[in-house]
Amino acid sequence: MLTKVIEQAKIDRFARWMGHAERIVIVAHVAPDGDAIGSSLGLWHFLNSQDKTANVIVPNAFPDFLKWMPGSKDVLLYDRYKEFADKLIAEAEIICCLDFNALSRIDAMADAIKTAKGKKILIDHHLYPEEFCDITISHPNISSTSELIFRLICRMGYFSEITKQGAECIYTGMMTDTGGFTYNSNNREIYFIIGELLSKGIDKDDIYRKVYNTYSESRLRLMGYVLSQMRVYPDYHAALISLTKNEQGRFDYIRGDSEGFVNIPLSIKDVVFSCFLREDTEKPMIKVSLRSVGTFPCNQLAAEFFNGGGHLNASGGEFYGTIDEAKRVLERALEKFKPLLNAKG
Ligand code: 5GP
Ligand code: MN
């Protein structure tokens, strides 16, 4: 049995909305990850089963290793089909905002969503949600938005309507936001839910392979190169890896190739904090990815030094400047956070 995490009144209200609505739009954050796409498609499959006209719209492309997901071909990219997407958003009776906590996280879509007339619901697990929706379902202690989607569907009484395809999407989001159930994954109810998803016929081992083991040869060589250049800061229990545009070119880099790199330095004994700096291919900025183990709050470091945020153990931000400048900022941050980096736990 599952604990009732989502407040009953919010579920009842959403169920009422759904009863009256035909056209529903689902939106997730920029540079969508497994949980953004998984939760969106998990909800999309459910809404389809209820004969709703639902559309998933995301600000830009998502990585190739998510393209096997059932329904992924129907996901609309805002940066490519803006006009059509704007029409769908304007006409939607309900807009479901998934896996983000602030309008700034949906980039160019922010205005369209903000001014849309439809009723809005936020379903998310990031800290400090902005108030831009009529219903805000925000649970930072739940490890993925996909898990929240499962809980929402079940609490509305529709477990039986979850299809194998929907279950695959939900499982993918739960798996990717916990690094294959290696962090943020001690809540026993996660495993109850996995049992329920398996009862729908999903092949979790196959999903793992499709997500994590379908990379190109050049991606593996890129990983080797990036790690060979890694800098470890033993006095700070920290490690830094980076990737310039020039290096990306040398290894035929495509979007998604560096997914997961930031976690690797955490496999070094006594390293509790990892930083990955990557020159963005589209914007003139450095994308900052941070990970920690234990109690080190990498979201606090992201907020203070890289204009970002996120979760305790997984956060990120942006830096406008050169990669060398970003490295110097990181080193200043390490100095400031030294007491916490050296704290046991
Ligand atoms: P990733 O390193 O996978 O890009 O991001 C990990 C987590 O950090 C995301 O789930 C998100 O919560 C947070 N995050 C990443 N980039 C940003 C950013 O630019 N701003 C904020 N506020 N959070 C971010
Ligand atoms: Mn998520």
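Just so it is clear, the structure is predicted and the values come from calculations on it, not from any experiment.

Undergrad: Looking at this structure, how should I read the UniProt feature "domain: DDH" (unreviewed entry) in the protein?
TA: Feature annotation in UniProt places "domain: DDH" (unreviewed entry) on residues 23–174, given in this structure's numbering. Note that residues 23–174 is 36% helix and 19% strand, and that its end C-alpha atoms are spaced 27 Å apart.

Undergrad: Would you mind showing me how to read the coordination of the manganese ion (ligand 2) here?
TA: Angles between donor atoms at a metal ideally measure 109.5 degrees for a four-coordinate tetrahedral arrangement and either 90 or 180 degrees for a six-coordinate octahedral one. Every protein donor of the manganese ion (ligand 2) is accounted for by Asp35 (OD), Asp99 (OD), His125 (NE2) and Asp177 (OD), and the metal-donor separations fall at 2.2 to 2.4 Å. Each donor residue of the manganese ion (ligand 2) belongs to the same chain, with the gaps between them written as D-x63-D-x25-H-x51-D. Of this pair, aspartate 35 sits in helix 2 (residues 34–49) while histidine 125 is found in the loop between strand 5 (119–124) and strand 6 (135–138), placing the two residues 90 residues apart along the sequence. Of the two residues, aspartate 35 and histidine 125, neither departs from the other in class, the shared state being buried.

Undergrad: I'm lost on the pattern of salt bridges in this one. Help?
TA: When the charged atoms of two side chains lie near each other, side chains of opposite charge can form a pair. Counted under the stated rule, the structure contains 16 salt bridges. For arginine 23, the salt bridge is made with glutamate 93, and the minimal N-O distance between the two is 3.2 Å. On the criterion of sequence distance, the pair formed by arginine 23 in strand 1 (residues 23–28) and glutamate 93 in the loop between helix 3 (82–91) and strand 4 (94–98) is long-range, its members being 70 residues apart. On the basis of relative accessibility, which here comes to 40%, the residue arginine 23 falls in the partly exposed class. Note that lysine 82 and aspartate 86 form a salt bridge whose closest N and O atoms lie 2.7 Å from each other. Here lysine 82 pairs with aspartate 86, and both are found in helix 3, just 4 residues apart, close to one helical turn. Three or more residues are tied together by salt bridges with common partners; here these are Asp107, Lys283 and Glu318.

Undergrad: Honestly, empty space enclosed by the protein in this entry has me stumped. Any pointers?
TA: One water molecule sets the probe size; rolling that probe over the atoms shows where empty space is left. Evaluation of the coordinates by the stated rule reveals 1 cavity of 30 Å³ or more. Gly42, His45, Phe46, Ile153, Glu161, Ile162, Thr163, Gly166 and Ile170 are the residues that line the largest cavity. Of all the secondary structure elements, the ones that give two or more residues to the lining of the largest cavity are helix 2 and helix 6 (164–176). Among the elements that take part in the lining of the largest cavity, helix 2 stands out by supplying 3 residues, more than any other. Residue classes in the lining of the largest cavity are distributed as 4 nonpolar, 4 polar and 1 charged.

Undergrad: What is the right way to read the nonpolar core from this model?
TA: Considering soluble globular proteins, one finds that nonpolar side chains tend to be buried as a cluster. Residues Phe14, Cys96, Ile121 and Leu197 are the most contacted members of the largest nonpolar core, which totals 55 residues. Ranked by residues supplied to this core, first place goes to helix 2 with 7 residues. Excluding its chain neighbours within four sequence positions, the residues that come into contact with leucine 197 are Phe150, Ala167, Ile170, Tyr171, Met174 and Ile202. One finds Tyr236, Cys298, Phe319 and Val329 within the second-largest nonpolar core, a separate group that totals 25 residues.

Undergrad: Explanation requested: the pairing of strand 9 (residues 273–279) in the structure shown.
TA: Look at any regular strand and the pattern is simple: side chains alternate between the two faces of the sheet. Within strand 9, 6 of the 7 residues are buried, leaving the element largely enclosed by the surrounding structure. One ladder, built from 6 bridges, connects strand 8 (residues 238–243) with strand 9; its direction is parallel. Across the sheet, residue alanine 239 finds its bridge partner in strand 9, namely serine 274. Remark: 6 residues form the turn of the hairpin made by strand 9 and strand 10 (residues 286–292), two consecutive strands paired antiparallel.

What counts as what
- Residues numbered from 1 in each chain as written.
- Chains lettered and ligands numbered in written order.
- Predicted model: local features only at pLDDT ≥ 70, side-chain atom pairs only at ≥ 80, totals over all residues.
- Heavy atoms only, no water.
- UniProt positions renumbered as here; feature names shortened; annotations may be inferred.
- Helix = DSSP H or I, 4+ residues; strand = E, 2+ residues; numbered from the N terminus.
- Donors = N, O, S within 2.8 Å, 3.2 Å for Na, K, Ca; no water.
- Buried < 20%, exposed > 50% of the residue type's maximum accessible area, 1.4 Å probe, protein only.
- Salt bridge = Lys/Arg side-chain N within 4 Å of Asp/Glu carboxyl O.
- 1 Å grid on protein atoms, 1.4 Å probe; cavity = no way out; pocket = protein on both sides within 12 Å on 5 of 7 lines; lining within 4 Å.
- Points joined across faces, edges and corners; volume = space filled by probe spheres on them.
- Nonpolar A, V, L, I, M, F, W, Y, C, P; charged D, E, K, R; others polar.
- Core = buried A, V, L, I, M, F, W, Y, C linked by side-chain atoms within 4.5 Å.
- Contact = heavy atoms within 4.5 Å.
- Pairing = 2+ DSSP bridges.

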